[in-house]
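The residues making up each chain are set out below.
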Amino acid sequence: MKRRSAHESATPQKQPRQDPVSCESCRKKKTKCDRQIPCGSCKSRRIDCNYGSNGPEASSPAAPPGDQLRNRPSNSVTASARTTEAPRETVLSRSAEDPLMTADRLENILMGHRIPSAVPSALRGELSGPPRMGLHARSQPHTGTSIGSFLNLVRDGGCVSSEHPATIHLASFLPSEADALSLFNYYLSHLDYQYHIVVPARTEQIIRSLYYALARGRSGDLNHIAMLFSILATALFYQLLSTESSAVAENCSRETAFLAGAALIQSNYVAYPTIEGLQAAMIIAHHLSSLTLNPCVSSLFFQGGLVSQAKSLGLHLLDSPRVVAERQERGFDKAETELKRRLWWDLASYDWLMGFLSGPQEWTYTIHPQHMNVRRPLNREDDIIGIDTGLPLMMPTCMSYTLQRLRLAEVCREIVDAAAPYHLEGKELPYETLLDLDRKLQQAYSELPSFFRFDQSSRRQFATLYLKRPELAWQRAFIQQGYHSRLCRLHRQYFIRGARDPRYSYSHVVSLQSARKVLEVKRIMDEEAPLFTVNSSFFWAVTHHVFMAAVILLIDVCFNWDDILASKRKEEVLDACRLLSRAQQCSSVAREGINAMMCILRKHWKQERRPTTFSGTQAPQRSSPGFDVSALHDKSDVPTTGHVEDSNKTVRFDDPALGQNTPKHDQSVDLVNSELEPVPLEDLWSQMLDESAHFPLDTPDWMDLLTELTNATLPGSE
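We now turn to the structure provided with this report.

What counts and how
- Residues numbered from 1 in each chain as written.
- Predicted model: local features only at pLDDT ≥ 70, side-chain atom pairs only at ≥ 80, totals over all residues.
- Heavy atoms only, no water.
- Helix = DSSP H or I, 4+ residues; strand = E, 2+ residues; numbered from the N terminus.
- Expected span 1.5 Å × (residues − 1).
- Buried < 20%, exposed > 50% of the residue type's maximum accessible area, 1.4 Å probe, protein only.
- Arc of directions from axis to C-beta.
- Contact = heavy atoms within 4.5 Å.
- Salt bridge = Lys/Arg side-chain N within 4 Å of Asp/Glu carboxyl O.
- Axes fitted to C-alpha atoms, helices over the stretch in contact; angles between N-to-C directions.
- Parallel < 35°, antiparallel > 145°, perpendicular 65-115°, else oblique.
- Nonpolar A, V, L, I, M, F, W, Y, C, P; charged D, E, K, R; others polar.
- Phe/Tyr/Trp six-rings, centres within 6.5 Å; stacked < 30°, edge-to-face > 60°.
- Lys NZ or Arg CZ within 6 Å of the ring centre and 35° of its normal.
- Core = buried A, V, L, I, M, F, W, Y, C linked by side-chain atoms within 4.5 Å.

## Some points on helix α12 (residues 200–215)
For step 1, the next point in the chain: For α12, which comprises 16 residues, the first-to-last C-alpha distance of 23 Å matches the rise-based estimate of 22 Å (1.5 Å per residue) to within 8%.
For step 2, the next point in the chain: Buried residues of α12: T203, I206, I207, L210, Y211, A213 and L214, and no others. The buried residues of α12 occupy an angular sector of 160° when projected down its axis, which confines them to one face.
For step 3, the next point in the chain: Buried-residue contacts for α12 involve α11 (177–190), α13 (222–241) and α15 (275–287).
For step 4, the next point in the chain: Phi turns positive one or two residues past the end of α12, at G217, with a value near 75°.

## Overview of the pattern of salt bridges
For step 1, the next point in the chain: Here the structure, examined in full by the defined rule, presents 28 salt bridges.
For step 2, the next point in the chain: For E336, the salt bridge is made with K340, and the minimal N-O distance between the two is 3.8 Å. Taken together, the residues span about one helical turn, with E336 and K340 both in helix α19 (residues 334–354) at a distance of four residues.
For step 3, the next point in the chain: Using a relative accessible area of 25% as the deciding quantity, one classes E336 as partly exposed.
For step 4, the next point in the chain: Residue R469 is joined to E471 by a salt bridge in which the shortest nitrogen-to-oxygen separation is 3.0 Å.
For step 5, the next point in the chain: Three or more residues are tied together by salt bridges with common partners; here these are D319, R327, E338, R341 and R380.

## Focus on the packing of helix α20 (residues 400–424) against helix α21 (residues 431–446)
For step 1, the next point in the chain: Across the interface, α20 lies against α21 with an axial gap of 10 Å and an inter-helix angle of 175°. Viewed along their axes, α20 and α21 adopt a mutual orientation that is roughly antiparallel. Contacts from R407, L408, V411, E414, I415 and A418 of α20 reach α21 at T433, L437, K440, L441 and A444.
For step 2, the next point in the chain: Residue composition of the contact of α20 with α21, grouped by class: seven nonpolar, one polar and three charged.

## Points about the packing of aromatic side chains
For step 1, the next point in the chain: Counting across every chain of the model gives 14 aromatic pairs.
For step 2, the next point in the chain: Aromatic side chains F451 and F452 sit 4.7 Å apart centroid to centroid with 65° between the ring planes, which places their arrangement in the edge-to-face category.
For step 3, the next point in the chain: An aromatic cluster is present here, built from Y193, F237, Y238, W474, F478 and F539 joined pairwise through their rings.
For step 4, the next point in the chain: Taking NZ or CZ as reference, R376 lies 5.8 Å from the ring centre of W345, over its face.
For step 5, the next point in the chain: Over the ring of Y504 we find R497; its NZ or CZ atom is 5.6 Å from the centre of that ring.

## Quick look at unusual backbone geometry
For step 1, the next point in the chain: Even without being glycine, N268 reaches a positive phi, approximately 55°.
For step 2, the next point in the chain: Relative to the elements of secondary structure, N268 occurs in the loop between α14 (246–266) and α15.
For step 3, the next point in the chain: By relative accessible area, N268 is classed as partly exposed at 28%.
For step 4, the next point in the chain: Positive phi, normally seen in glycine, also occurs at W363, with a value near 65°.
For step 5, the next point in the chain: Within the secondary structure, W363 is located in the loop between α19 and α20.

## Examining the nonpolar core
For step 1, the next point in the chain: If you look at the biggest cluster of nonpolar residues, it comprises 163 residues, and the most contacted ones within it are L170, F229, F301, W352, F547 and W685.
For step 2, the next point in the chain: Here this core takes 15 residues from α13, the largest share from any one element.
For step 3, the next point in the chain: Discounting chain neighbours no more than four positions away, the residues touching F301 are A257, G261, L264, A281, I284, A285, S290, L293 and L306.

Here's what the structure looks like:
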């Protein structure tokens, strides 16, 4: 037997009684306890976890903030419907996350959108409130960054969109409050009059409240952040077009639009839409091409998604008896209700206008007038938006253009209803039906207020008003081009026949008159340039209408090359080419779009151009001195700066597959792509006019040409 040492025998060591370290529930059930507060066993069973006086809370050091956040009890409804807000300066590693927290997140993804319908009405307001910032956010006072710093980041190849939209720290990319308000004022002055979907005072208050919260270290409302980023993206694009290259403008707007989409994703906007979130998505959808945006967020800005979110908000039932009764019972904000009407009718008018344009949506629309109950927006200024009565339509307000645009959209919807059955079955629209639709368009056009008319007396009468409110001059030009371009489109099918067949001569005359009116509008916009700031060529819809009008005149010359006024008509076409050339010089957007449409025109001209002599041999080509047109014909299949996809597609100013903003430079089209000198459209079109006598004239071929040219348009171009 081993003998004890003297020290051990002198001071025998007592075996201390072990204090309980497991919780009472685990001790009772004799299960292993992880000794957390609460423990995993109690947490999974949703019961109270008690340790007594000797538990980890009393004997162990305080858990770090991250562990306290991880181990605190979770409410089943709140945890699945809203994201937990992290403490200040807390960063959690994925490896340390509790499995139950992961389960809660998965439950939120799968079932979060069903929670509001399953909980009591008293809790729904809280669940639908503004979501908090995610775990990745840092609640620090916002100091803001300069727009110049953001531009330098873009020029240096920086790419915000390379980050994951659900984890990006949005507040760190917000500019200073002064820069944000400056760009907001630019948006109001130069862009808002096209789609008036914000109330300036209301939106400015949202921006100031957002910066007030961020300055005090609080999390801003993500839907408000999305709305601000959408305004910044749109304003930056058009502002930079006049000071920077188109590549910088597109990159900057694309990155900022990505931040707006990231804010919508973080707010769970699809499951919990808000008015501000809908406004943010509509602003980007109207003013920027979704095709150039990051695929992670671009789906948020498509028309179908916008309509779906508006229906989720109940905008299509805004004035139904049940909703009106509920609104009267609980009280409501009249200004917000009127804003909702504006948003819904903007979506409806856009939907109906697009139904009468070439593309996948042609001859169809999404919003049916019998499937909604919404009063028209009132004709009144924003500062009295909460008043129940509107002003007469003949009095100019900030809503005048919106209401006249809606009137045009309704006629386009009626045209789609009447013509779609024939087109979808491959039949020709009867001429009597076409004349009925023409009368509806002409009637709506005759009802335009005097300040939207283009005759000389009206222009003189309201000249002072246009100087005081330049947006009315813009809107007058837009509504005029909108009507006349659609008259051209309506009569397109009978335009060529009308040049030879007296039965259809009305279509020929109306098409020419409308095409000349479109060119006149653009000419006046160029002459009154100080009034039209930014330059009208920055808006692709304007340039596209001008190009289509020029092609109508070109076709007329080809069909009437032996007319007594042929030389005058040729000069008229060349005047239209000069308008396009000037647009190319001042706007990269116009230059790239015109190049894309010229690619289509040259392709058709190459296919159909078969000039022959009387002996059956090919006639020699005639070209202007110093300009080899045959080289351009031979290169007609080479894509230019604007990439044009096949039918039912749109012009794209970049190719994401190349990882750059403009296609690779091709030396073979230097004359077309030159940044230093305008494209010699006049020489090229002169060659076409000289060859018009030898051009085989076939109606289906010209219809295909006009259809493809109409397809070469940006989303939102009306």
